[in-house]
Amino acid sequence: MPAPVVTSAEPLHSQDQSLAAYSAVSRLAVLCLFLGLASALILISPLLALVPLATAAVAVVALRRIGASDGQLTGRIPATIGLCLAALFFGWGAARQLSRQMAMAAQAQQVADGWLEVVREGRLREADQLMKTPYDRAPTPQAMDEYYQADMEATETMQSFFGSQPMLAYRKIGPQAQFHFDSAAGLRQDGFTDSVVLKYFYSGPESAAEIPLYITVARTTQSPSRRPGWYVQTARDSLPQ
């Protein structure tokens, strides 16, 4: 009767050991790293804030899958780096946008203050010119006079605007009108033009009641090669939609 065959456990060869210890790199972790780098696009436009937000979502899913893989997946480091990059660029972009909005509001307020002073002094032609882009304004007082004398439609439009509310009520107070800035009520970007809505209050010497006035000031370049120019778009007694 033949003797039973006894098999002994042989050690794995080095190649077999490498295969047994192999762990795949998570594709989501690699994607997270690339998205983290792409999160820098938020510095170009705040609309691209979706990139770092998407990076954070991908990082969470990748880290959860790696943790639940029982060592079969790796990639914690690239996923973590991508998440950190997304947080860095998101915070940087948000701070940059906030700083830009504050600077825009401050410059718009200077333009609106000067315009209200010109209207208060009754210099309506100059005030009307300040409602045009700097590229369209009359270059000299003589050219401005000739412009309104030759263009009756422009004159009628100016008289209609300053002869209706709320500018009529403000003008009736005259040089004694008092106004003060309250807050920036809104900011909008459309192509090469930024519009800032500013909330003001004005009053007269015979009344302690303050009347709200919303002035929209715009900053435009018309093209990337031109310097930005400021102008007053409109003035209303209610918040523009």
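The following paragraphs examine the structure supplied in this document. (Residues numbered from 1 in each chain as written. Predicted model: local features only at pLDDT ≥ 70, side-chain atom pairs only at ≥ 80, totals over all residues. Heavy atoms only, no water.)

## A word on the sheet that holds strand β4 (residues 193-203)
Read from one edge to the other, the open sheet built from four strands follows the order β3-β4-β5-β6, with strand pairing classed as antiparallel. At either end of the open sheet lies a strand with only one pairing partner, and these are β3 (178-190) and β6 (229-236). Sheet twist, expressed as the mean angle between neighbouring strand axes with direction ignored, is 25°. Where β4 meets strand β5 (residues 211-220), 10 bridges bridge the pair, whose relative direction is antiparallel. Its bridge partner being in β5, F201 is matched across the sheet by P212. (Pairing = 2+ DSSP bridges. Helix = DSSP H or I, 4+ residues; strand = E, 2+ residues; numbered from the N terminus. Axes fitted to C-alpha atoms, helices over the stretch in contact; angles between N-to-C directions.)

## Concerning the layout of surface pockets
Here the largest pocket defines a volume of roughly 270 Å³. Taken together, I42, L43, I44, S45, P46, F90, G93, A94, R96, Q97, R100 and Q189 form the lining of the largest pocket. If you tally residues by element for the lining of the largest pocket, the top one is helix α4 (residues 76-120), at six residues. Of the volumes computed, that of the second largest pocket is approximately 200 Å³. Taken together, the elements giving at least two residues each to the lining of the second largest pocket come down to β3, β4 and β6. (1 Å grid on protein atoms, 1.4 Å probe; cavity = no way out; pocket = protein on both sides within 12 Å on 5 of 7 lines; lining within 4 Å. Points joined across faces, edges and corners; volume = space filled by probe spheres on them.)

## Remarks on the nonpolar core
If you look at the biggest cluster of nonpolar residues, it comprises 28 residues, and the most contacted ones within it are W115, L116, F162, Y170, Y200 and I215. When residues of this core are traced back to their parent elements, those giving at least two are α4, α5 (124-129), α6 (141-150), α7 (152-162), α8 (167-173), β4, β5 and β6. The element best represented in this core is α4, accounting for seven residues. Ignoring any residue separated from it by four or fewer positions in sequence, one finds L116 in contact with Y170, F179, Y200, L213 and I215. In terms of nonpolar packing, the next biggest core, distinct from the first, is built from five residues, I42, L43, L85 and F89 among them. (Core = buried A, V, L, I, M, F, W, Y, C linked by side-chain atoms within 4.5 Å. Buried < 20%, exposed > 50% of the residue type's maximum accessible area, 1.4 Å probe, protein only. Contact = heavy atoms within 4.5 Å.)

## Description of the side chain of S39
The residue S39 is located in the loop between α2 (27-38) and α3 (50-68) in this model. A residue is classified by how much of its surface remains accessible, and S39, at 0% relative accessible area, is buried. Apart from residues no more than four positions distant in its own chain, S39 is found in contact with V51, P52, T55, L85, A86 and F89.

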